[in-house]
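# Structural description and commentary
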Amino acid sequence: MNNQRFPDSFLFGGAICAMQAEGGFDQGGRGLSNGDLRKKGLGTFNDFDINNEDRENTDDYSFRKGVNFYGRYKEYLAEMHELGLQCFRMSISWSRIFPNGDDEEPNEEGLKYYDDVFDELNRLGMEPFVTLSHFEIPLHLVQKYNGWMDRRVIGFYEKYCRTVFERYKGKVRYWITFNEINNVVSFPFWAIGLDIRDSKNPMQDMYQALHHLFVANALSIKALHEIDPAAKIGDMTSVSTIYAYSCNPDEVFEAFRQRRLKYFFIDMQAKGEYPYQMKRFFEENNVELKIEDGDLEILKNNTVDYITCSYYQSAVYKEGEALTSDTGGFRSKAKNPYLTATQWGWQIDPKGLRFVLNELYERYHLPIFISENGVGMIEKLDENNTVIDDYRIEYIRNHLKAVYEAIRDGVDVFGYTYWGPFDIVAASAGSMEKRYGFVFVDYDDYGNGSGKLFRKKSFDWYRHVIDTRGASLFED
Ligand code: BG6
């Protein structure tokens, strides 16, 4: 065995979220959330009616059933323990705790559910990393208050956070704020429940709502530090990087500018202030923020303890060819000729991960946790009831090697959670068609199927990576 190993303190894990895995949308006293309105299929991003409270139709809404992590969490976690995971990232569904968002009292059944899940994780020796809002907000807050547009939502969010921090003190040591909030730029409703389809100035409304969200976020950080000083909290941004297509200075600068717009979301949570370049950006986009007395101090005094990020792909900026985006971050119409792509057109770029980890560390000097990385494919069980997913093995091997190199570069990376260690509903496709798991879950988009779990080839491979602390990555 070679001596290329990850540090002993490095955590190997897996990540899911409530919206895509839990299901049970109408069980245990849970209220509706924005995610329950998301229809199946690509291209349904603007197809929603916030007053739709029809709970009968689950066929068009795959997220409502998920893969029933709600009912079957013990089986899934047992399988993850077999896989050897050291940590497990998941999210709490806000509307399971406060079904309407503005309720006086929390829903005890929801609180008890997560007690049981965290107890099980701790019993199995998997460190919980818990996201407070992974693309979710109670629907009632959107209907009644227009979501984050209304400052009162700050208080509702703070109350939710204080409730879960007090309840799970000692059980959860790592918290994560909002999942990939930079996706608000592309999908305001799905990222944070912001409906600006009829807005006269969408940029104004988006950044005003974000201002409220950042203040709420800082108050939640303050709350955690008061309630459980031993626990840590980090942010979460999709950092799939953007290169210039050529060395044309116009393209180089624009790629840099685009990357910096993405880092704005980290600046706000890690540095606690509006970065200097946003002044011009706001002027040019007719954004005039209403900032109340004390807001800037709250932001400045309450910043994250660590940074987390998702990384799936990289993009290139080519003049005249706009960047598009999906839940993996920005994608370019122009293709990088040096890279290959997945079935979904996401360009595979392990070196980009090393690049971005170095860039993040240089900017923020905070420990980094890779909260998502992985590859989703259309998969079917073969005659041996497995999937020979060599492409997944290659993808992870190369990305983990890049992480290893970044650690050698001096970057403080303390963990990695593979996205979707068992198949769950894909966010962008809104469907079970796109699968990421080491474990095949026999459900389709309608929740039909045996629900049985089948290990893919990558299962034993990843387990061996964890067992050898990464040394096996450099051998087979
Ligand atoms: C990230 C999200 O955008 O990427 C996850 O945080 C999502 O929720 C993941 O599932 C992969 O994207 P997709 O669309 O392939 O599921």
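A brief structural summary. (Residues numbered from 1 in each chain as written. Predicted model: local features only at pLDDT ≥ 70, side-chain atom pairs only at ≥ 80, totals over all residues. Heavy atoms only, no water.)

Each helix and strand counted, the protein chain has 14 helices and 14 strands in total. Computed over the C-alpha atoms, the radius of gyration of the protein chain is 21 Å, within 12% of the 23 Å expected from 2.2 N^0.38 for a compact globule of 476 residues. In the protein chain, buried positions account for 62% of the 476 residues. A sequence separation of at least 24 residues applies to 75% of the contacts in the protein chain between residues at least 6 apart. Seen as two clouds, the 56 positive and the 74 negative side-chain charges of the protein chain have centres 2 Å apart. (Helix = DSSP H or I, 4+ residues; strand = E, 2+ residues; numbered from the N terminus. Rg over C-alpha atoms; globule rule 2.2 N^0.38 Å. Buried < 20%, exposed > 50% of the residue type's maximum accessible area, 1.4 Å probe, protein only. Contact = heavy atoms within 4.5 Å. Lys, Arg positive; Asp, Glu negative; His and termini not counted. Charge placed at Lys NZ, Arg CZ, Asp CG, Glu CD.)

So, on to helix α4 (residues 108-123). Across its 16 residues, α4 extends 22 Å between first and last C-alpha, which sits within 8% of the 22 Å expected from 1.5 Å per residue. When α4 is considered as a whole, its buried residues turn out to be G110, L111, Y113, Y114, D115, V117, F118, E120 and L121. Looking at the packing, one finds that the buried side of α4 touches α1 (18-21), α2 (69-83), β2 (87-91), α3 (94-97), β3 (127-133) and α6 (152-167). The positive-phi residue at the C-terminal boundary of α4 is G125, with phi of around 75 degrees. (Expected span 1.5 Å × (residues − 1).)

As a further point, take the sheet that holds β2. The eight strands lie next to each other as β1-β2-β3-β4-β5-β7-β11-β12, forming a closed barrel whose pairing is parallel. For this sheet the average axis-to-axis angle between neighbouring strands, irrespective of direction, equals 25 degrees. Pairing of β3 with strand β4 (residues 174-178), which is carried by four bridges, proceeds in the parallel orientation. The partner of T131 across the bridge, within β4, is I176. This element, α6, spans β3, β4 and β5 (232-238) of the sheet and lies at about 165 degrees to β3. Relative to the sheet, helix α9 (residues 249-271) contacts β4, β5 and β7 (306-310), its axis offset from that of β5 by approximately 170 degrees. (Pairing = 2+ DSSP bridges. Axes fitted to C-alpha atoms, helices over the stretch in contact; angles between N-to-C directions.)

Here we take up the side chain of N52. With respect to the helices and strands, N52 occurs in the loop between α1 and α2. Take N52: its relative accessible area is 17%, and that puts it in the buried class. Within the local environment of N52, its side chain forms a polar contact with the side chain of Y61, the two groups lying 3.1 Å apart. The contact partners of N52, leaving out residues within four places of it in the chain, are L32, L37, Y61 and L139. (Polar contact = N/O pair within 3.5 Å; in protein donor to acceptor, adjacent residues only side chain to side chain.)

For the rest of this paragraph, the subject is the pattern of salt bridges. In this structure the tally under the stated criterion is 39 salt bridges. Between R167 and E108 there is a salt bridge, with its nearest N and O atoms 2.9 Å apart. Of this pair, R167 sits in helix α6 while E108 sits in helix α4, and the two are 59 residues apart along the sequence. A residue is classified by how much of its surface remains accessible, and R167, at 27% relative accessible area, is partly exposed. Residue E108 is classed as partly exposed on the basis of its relative accessible area of 44%. Between D423 and K456 there is a salt bridge whose closest N-O contact spans 3.0 Å. Taken together, the positions of D423 in the loop between β12 (413-419) and β13 (439-441) and K456 in the loop between β14 (453-455) and α14 (457-467) put the pair 33 residues apart, joining distant regions of the chain. Accessibility classification places D423 together with K456 in one group, the buried group. (Salt bridge = Lys/Arg side-chain N within 4 Å of Asp/Glu carboxyl O.)

Okay, the packing of aromatic side chains next. Under the defined criterion, the tally for this structure stands at 49 aromatic pairs. With a centroid separation of 4.3 Å and an interplanar angle of 20 degrees, the aromatic rings of Y76 and F422 are classed as stacked. One end of the pair, Y76, is in helix α2; the other, F422, is in the loop between β12 and β13, with 346 residues separating them in the sequence. Plain terms: the ring middles of F264 and Y274 are 6.1 Å apart, the flat faces sit at 35 degrees to each other, and that makes the pair tilted. Taken together, the residues F264 in helix α9 and Y274 in the loop between α9 and α10 (278-284) connect sequence positions ten residues apart. Taken together, the ring pairs in this structure connect F69, Y70, Y73, Y76, F88, Y113, Y114, F118, Y168 and F422 into an aromatic cluster. Against the face of Y113 rests R96, its NZ or CZ located 5.6 Å from the ring centre. Across from the ring centre of Y245, 4.4 Å away, lies the NZ or CZ of K318, which sits over that ring. (Phe/Tyr/Trp six-rings, centres within 6.5 Å; stacked < 30°, edge-to-face > 60°. Lys NZ or Arg CZ within 6 Å of the ring centre and 35° of its normal.)

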